[in-house]
Each structure stands twice: as C-alpha cells, then as structure tokens.
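Now for the letters of each chain:
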Amino acid sequence: MPQEVSLREAYGQTLVQLGRENQNIVVLDADLSRSTMTQFFAREFPDRFFDCGIAEQNMVGIAAGLAASGKIPFASTFAVFAPGRCFDQIRMSIAQPRLNVKLVTTHGGISVGEDGTSHHSIEDLSLISSLPGFTVIVPADAIETAQAVRVAAASYGPFYIRLCRPKIPLVYNEDYRFVLGKAVTMRQGRDATIIAIGTMVTAALEAAENLKGEGIDCRVLNMSTLKPVDEAAITKAAAETGAIITAEEHLEHGGLGSMVAQVLARHQPVPMEFVAIKDTYAKSGKPAELLQRYGLTAKDIEQAVRSAIKRK
Amino acid sequence: MSLPEKGKLPSTSAKSIKAEVFSSSASVAEMEAIAKRLRRHIITMTGKAGSGHPGGSLSAVEILTALYFKVLRHKPADPQWSARDRFILSKGHAAPLLYATLAECGYLPVDELLTLRQMDSRLQGHTDRTITPGVEMSAGALGQGLSFAIGVALAGRLNLQDYRVHVLLGDGECDEGQVWEAAMAGAHFKVDNLVAIVDNNGQQIDGWNRDVMNLAPFPGKWRAFGWHVIEVDGHDLVQLIDAFNQAKKVKGQPAVVIAHTIKGKGVSFMENNPDFHGKAPNAEEVKIALKELE
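The text that follows walks through the structure, step by step, so that each part is easy to find. Each chain carries its own residue numbering, running from 1 in the written order of its sequence. Working convention: letters from A go to chains and numbers from 1 go to ligands, in the order in which they are written. Note on the predicted model: pLDDT of at least 70 is required for a residue's local features to be given, and 80 or more for side-chain atom pairs to be given and counted; whole-chain, interface and lining totals, by contrast, use all residues.

Observations concerning the pairing of strand β3 (residues 194-200) of chain B
All names here are of chain B.
- With seven of seven residues buried, β3 is to be regarded as a mostly interior element.
- Residues of β3 alternate between two faces, with Leu-194, Ala-196, Val-198 and Asn-200 on one and Val-195, Ile-197 and Asp-199 on the opposite face, all of them buried.
- At least two DSSP bridges between two strands are needed for those strands to be called paired. In this description a helix means any DSSP run of H or I spanning at least four residues, a strand means any run of E spanning at least two, and both kinds are numbered starting from the N terminus. Sheet topology places strand β2 (residues 165-170) next to β3; six bridges connect them, and they run parallel. Within β3, the position partnered with His-166 by the bridge is Val-195.
- Seen with its strands pointing away from the viewer, a crossover is right-handed when the path leading from the first strand over the helix to the second is clockwise. Following the chain from β2 across helix α7 (residues 177-188) to the adjacent parallel β3, one finds a crossover that is right-handed.
- Sheet analysis places β3 next to strand β7 (residues 255-260), joined by six bridges and oriented parallel. Looking at the pairing, Val-198 lines up with Ile-258 of β7. The exposure scheme places C-beta atoms from the backbone and then counts, for each residue, the other C-beta atoms within 10 Å of its own, assigning buried at 20 or more, exposed at 12 or fewer, and partly exposed in between.

Regarding the sheet that holds strand β14 (residues 272-277) of chain A
Residues and elements named next belong to chain A.
- Strand order in the open sheet formed by five strands is β9-β11-β10-β13-β14, and the pairing between neighbours is mixed. Only two strands of the sheet have a single partner each, and these edge strands are β9 (184-187) and β14. Pairs of neighbouring strands in the sheet enclose a mean axial angle of 25 degrees, with direction left out of account.
- Across five bridges, strand β10 (residues 192-196) lies against strand β11 (residues 218-222) in parallel orientation. Bridge pairing links Ile-195 to Leu-221 in β11.
- Note that contacts rest on C-beta atoms placed from the backbone: two residues are in contact if these are within 7 Å. Inter-axis angles, ranging from 0 to 180 degrees, are taken between N-to-C directions of lines fitted to C-alpha atoms, where helices are fitted over the stretch in contact. Packed onto the sheet, helix α10 (residues 256-267) meets β10, β13 (244-251) and β14 and runs at close to 145 degrees relative to β13.

Below, the structure written as structure tokens:
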C-alpha cells in the first residue's frame, strides 16, 4: 500500500514556500485555517494573512480587491462554503473581471465523513465550472497538490483547486510534473478508459488492476485539470478503447461526467457510464462507509466498466 | 492642470490633459457648474438609452463632483497610475453618473456617453472594470464593493503606498449582509486609508427604506461596528469636501461619510420618486428635465 499523505498539509507547506519566494502572495481564510492548513502561512507571515472570520462573501471580495491591486491572493475554506456560500461574489468580483484570485478549498466530496450533509461538498465542481474563465483543478494526491498550487500561483487568472479531507495514497513520485490542462495516463489499456479525478484516481487504478483478472484491459486517465478539460485526451481514449467511465466524488450532473459526455457527444460518441453520486444528499458516516453506500468504490467502477463494455 | 475657465469646462479630450495629476484648484462655483453638467449628462444618456438608473445617479452627483474635482489624486490620461487614489462604485447602477464624471475629467470622450447600454459600447448598464477606463470594479450586484475596497486598502498598506480608497454605497444596498461582514472587517483590520460613503437618499426600488427594510439607527450601526461616522448634506460640496478632509485625519479606524441626499435631485418630478430608480425619462421628460437643469 502506498504511503497516505494529506493534501491539505501539502497545500499549507507549499503556501509557506511560495510566501518566501514571492512577497505578493497573500492568504485569506474564513476561520478554518487549522483545517485548511493556511495556519502554517499565518504563523510565518502574519502581516500577509487575513482571517476574515466566518464570512465567506466578504473574504472573496477582499481577495478580489487585493488581486486588483497586484497581490496574488489564495483564499481558503471548505469546498461546501466556496463556491456554495459566496457564488455571486465569485461570479462578479472574480470571474467576470478575471482577477488573479486562487480559491483553494478543502473537504471536497463526501469523504469528509461524519460531519454529514451540511459539510459534504457535492455541487462545488458544477458551480465553479459554470463560471467563464475559471481554471478548475482536482489533484489526485499530495505531490500533485503541491505542484498544482505552484502552477496556480505562477499563472494569471482565477483558479479553483479542490482538495479532500482524508489522507490518501500517493499515486505519483517526486519526479512527477503537473502540466495544466493535460490529462495524465496512469495506466495504458485497450478495452475501456476510466477517467477519474481526486480521490477516485486511486479507486480507478484498483479497479483496473482487478479487471485485469477478468481479461479486461483498462486505461486510466487522471483528469486533474477539470477545466479547461483535455478534449484531445478524451477523444483519443474514446477512439482507441471504445468505452468511457468517469469517476468523481461529486454529483453525477455538472461535474467530470457531464464535461466528458459533452466532449464525446461532439467528437467521438461511445458507450459511457458515470460513477458519481446520484441525485441525492449523503448522510453522516465513516468515509469508507459513505463511499460504499453512495457507489464510489473500486467495485462500483468495475461494474460500470463491465456495463459500458457490454454496450460497445 | 488647472481647470479651464468657468463656462468652457471641461476639455473632453484626454490628449489635452496629458499625464498630469488632476487639479484640485476648482472653485465651488466651478464645481457647481460641473455638477449641473453631470445631471444633464445623466438625463441625456438614460433618455437616449431608454433605460438605466437616473434616480440614484442624480442623488450622488455632488459626492462624485467633490471627489473627482477636489479630493482624489488621479491622472485621467493614466487610469492605471499606481499611486492614484481609488474610487470604487459599489452601487453599480449609478454607472451613468460615474461615466459622466469620467468623461468630464477626460477619461472618456463626452460624445461616448450617448452610447450607454448599446451593443459593443464601453459603457455597460452596470460598471465593467475590464472595458471602461477609470472604472475600478465590476459592480451591479449590490453589497460587494466595501469588501473589494478593503482588499484594495490592505494592498496599499502592504505595498507601503499612500493612496486612499473611497467606496460609494447606496443606503438600500446596506440591506445586504455582506456590507456588514465588510463593516466588521474594515474596523478589525483598521483600514484608516479607506472611506466609505453612503448615498443616503432614503429610498430603494420598492419605496422608502423605512417601509421596505428599516435601516435605523443607521449612523449608530456604523458606530457600533467601529467606524468613525461623519454626517453631511450630500448636496453641499463644501460639507462633502470638509468631510473627506476630516476622514483623512482619522487614524486606526475606517471612516464613513453618510451623505444625506435626495433621490432624483435636481429634476422636480424625479425627486423622492422611486419610480425613477430604474426607469429612464421619456423624450418629453428629458426635455422638461433639461430645461430645469439649464
């Protein structure tokens, strides 16, 4: 079993490094700095850290004002609160003017666990991806997180990076280089392609390994840049493997599955299955229990692969 | 530069203004003349466009006149000048007033005012910072400007720049919860380089504030949130200029200028008439209004 590492820790440590390298990096939080791990930055750079209290709308507006004045603000809270709690502020203060604000949110999806529905962020990718000009990234492990945060800092424009709460296995080693807008082929295969994001990349790799025993040869893509989505990689995978399965810790509509389906409909229609949360809210439970109850395990991916292949 | 003589005001071409810092030598009489021209622009623009928000533009005319022609340090030929004092319009529906003011300063040709709200115009129905020179913020969704202004003020502090930040809110806008999140934060972060101005015309779309959503005690709310409160007659240029000078001396806390105004000020049938919040005058009304503003 690969080592399990916290994405939030990787984010927090990377912010500190960025803060040392560039004095224009500033950080905002909404009373969750101990959870989002912006606390490391706050400790080293108290003058460049702004805790806005439990007021996400105001945090987003202050971040926009800082960006309009040449700063590079990273604003963090839980994924359920931004964009959920401040959608119009993100729309008018950041997206429309294309300001250089980086929203990095933690506790995405239902692997949040026991906190329950109010803290499960299952609509955030749909909301944020709907905004013109936003770049959206869902890293698959701590190594990709650190690199995505660096790329966001170095690239002008609004970014949303979604991290999960639990520690998850590394899928990359230190040689990995994140490239914005490019899907990463995690595993080659001929019979079907699983396209996954975030926590589901590990599950996709496990499913592919299990399906090998049944003689099914699966390709696995990590679509860590959700927007702009890598249309070429999706089209190529569909053409070469003839079936696509998406896997995400998010509602079935509006996230990765919807985006991939749109690309396929336009360029390369093939049978497709969606591993995602159906039209419902999850409840309290341990992360593993929730992922099982709501159909987000390697087993669910395997079943989806079999269904898609049958329809080829 | 010094302003041209009264009656010839102003130059409409940025060329003649060059990169000079805008003058603060205008007399009160000159500024009164400018204010009248701004009112005429507002009527003409919204009349031509057939839509727009004359009421809340007319109420804030003296506020913008005092700021742009006396208080702010700015260069119309260099809208991005980093040392400029910032003016942020949070009540984005007063865009006609801001555009007219920017045109009178030389940021835009005065003729362009007649393109308000038309396809491909730089003068959008509500402000858009990406296309209009001199516009600091994309606004129109109320409640967002004070937060934005705090960010701009904090950046100035971090960058050791001495620019000042002014942000204009409507009183009705203060129904929005975000305004009070920002009010808390402004005092908490002690942004004494920030001045909020409330165009306190007492009305919102559905009627008088006190009937729609009572804001009273309004000055008391700001004091309770930790702000230095200055109340003025928002149509008195001298009082406004004094208030901004007084705000400059406030240290350790932000200041708010509550400017008591009349919605639709200057046009008899628009004054205190919420119908003209978001309705343009028709051709006949334009004629009457311009006659009143001669």
